[in-house]
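A look at the structure
So you can see what is in the structure, the chains are spelled out below.
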Amino acid sequence: VQLQAFGGGLVQAGGSLRLSCAASGRTFDNYFMGWFRQAPGKEREFVASIRWSGSGTYYTPSVKGRFTISRDNVKSTVYLQMNSLKPEDTAIYYCAARELRRSEYVYWGQGTEVTVSS
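All of the points below concern the structure found in this document. (Residues numbered from 1 in each chain as written. Predicted model: local features only at pLDDT ≥ 70, side-chain atom pairs only at ≥ 80, totals over all residues. Heavy atoms only, no water.)

A few words on the overall build of the chain. If you tally the helices and strands in the chain, you get zero helices and 11 strands. Moving toward the C terminus, one meets the helices and strands of the chain in the order β-β-β-β-β-β-β-β-β-β-β. For the chain, whose C-alpha radius of gyration is 13 Å, the value lies close to the compact-globule estimate of 13 Å for 118 residues. Across its three principal directions, the C-alpha atoms of the chain cover 40 × 25 × 25 Å. Within the chain, buried positions represent 42% of all 118 residues. Of the contacts formed within the chain by residues at least 6 apart in sequence, a portion of 54% connects residues at least 24 apart. With the model as given, the accessible surface of the chain reaches about 6,400 Å², and the carbon-plus-sulfur share is 45%. In the chain, 14 side chains carry a positive charge and 9 a negative one; their mean positions are 5 Å apart. (Helix = DSSP H or I, 4+ residues; strand = E, 2+ residues; numbered from the N terminus. Rg over C-alpha atoms; globule rule 2.2 N^0.38 Å. Buried < 20%, exposed > 50% of the residue type's maximum accessible area, 1.4 Å probe, protein only. Contact = heavy atoms within 4.5 Å. Areas by Shrake-Rupley, 256 points an atom, 1.4 Å probe, with all protein chains shown as cover. Lys, Arg positive; Asp, Glu negative; His and termini not counted. Charge placed at Lys NZ, Arg CZ, Asp CG, Glu CD.)

Written out as structure tokens, the structure reads:
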């Protein structure tokens, strides 16, 4: 299984970025796909998740209304559209996958860095 995250970069506060996570190596029909982030000196935190099939999206409160998670099943890609970015959104963003019936994310991508300047 491979999860490849890309799309990070440097953006000014108030700007937007779209992260992508290309998934391969298995079918993910019974999986949640998630985005996590880890800021310098801080623990990794959950950002958003989406069911690979069916409905259901979840967000951490600090990004609700600014970030949107979506998927393209044909391209096997999950996206994180990030709008109204703030300096506190600066972090390395990781995509991950877990089975619906389990709580632990077992597959992880390599991370893509997002820097928001003030």
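In spatial order, the strands read β1-β3-β8-β7; together these four strands make up an open sheet with antiparallel pairing. Only two strands of the sheet have a single neighbouring strand rather than two, namely β1 (2-6) and β7 (67-72). For this sheet, the mean inter-axis angle between neighbouring strands, taken without regard to orientation, is 15°. Sheet topology note: the strand β3 (residues 17-24)/strand β8 (residues 77-82) ladder contains six bridges and is antiparallel. Bridge pairing links Leu17 to Met82 in β8. (Pairing = 2+ DSSP bridges. Axes fitted to C-alpha atoms, helices over the stretch in contact; angles between N-to-C directions.)

This part takes up the pattern of salt bridges. Tallying each qualifying case throughout the model produces five salt bridges. A salt bridge links Asp89 to Arg37, with the nearest nitrogen and oxygen atoms 2.9 Å apart. With Asp89 in the loop between β8 and β9 (91-99) and Arg37 in strand β4 (residues 31-38), this residue pair connects regions lying 52 residues apart in the sequence. Like Asp89, the residue Arg37 is buried in the burial classification. When the shortest N-O distance is used, the salt bridge between Arg66 and Asp89 registers 2.8 Å. Of this pair, Arg66 sits in the loop between β6 (57-59) and β7 while Asp89 is found in the loop between β8 and β9, placing the two residues 23 residues apart along the sequence. A cluster of three or more residues bridged by salt bridges with shared partners is formed by Arg37, Glu45, Arg66 and Asp89. (Salt bridge = Lys/Arg side-chain N within 4 Å of Asp/Glu carboxyl O.)

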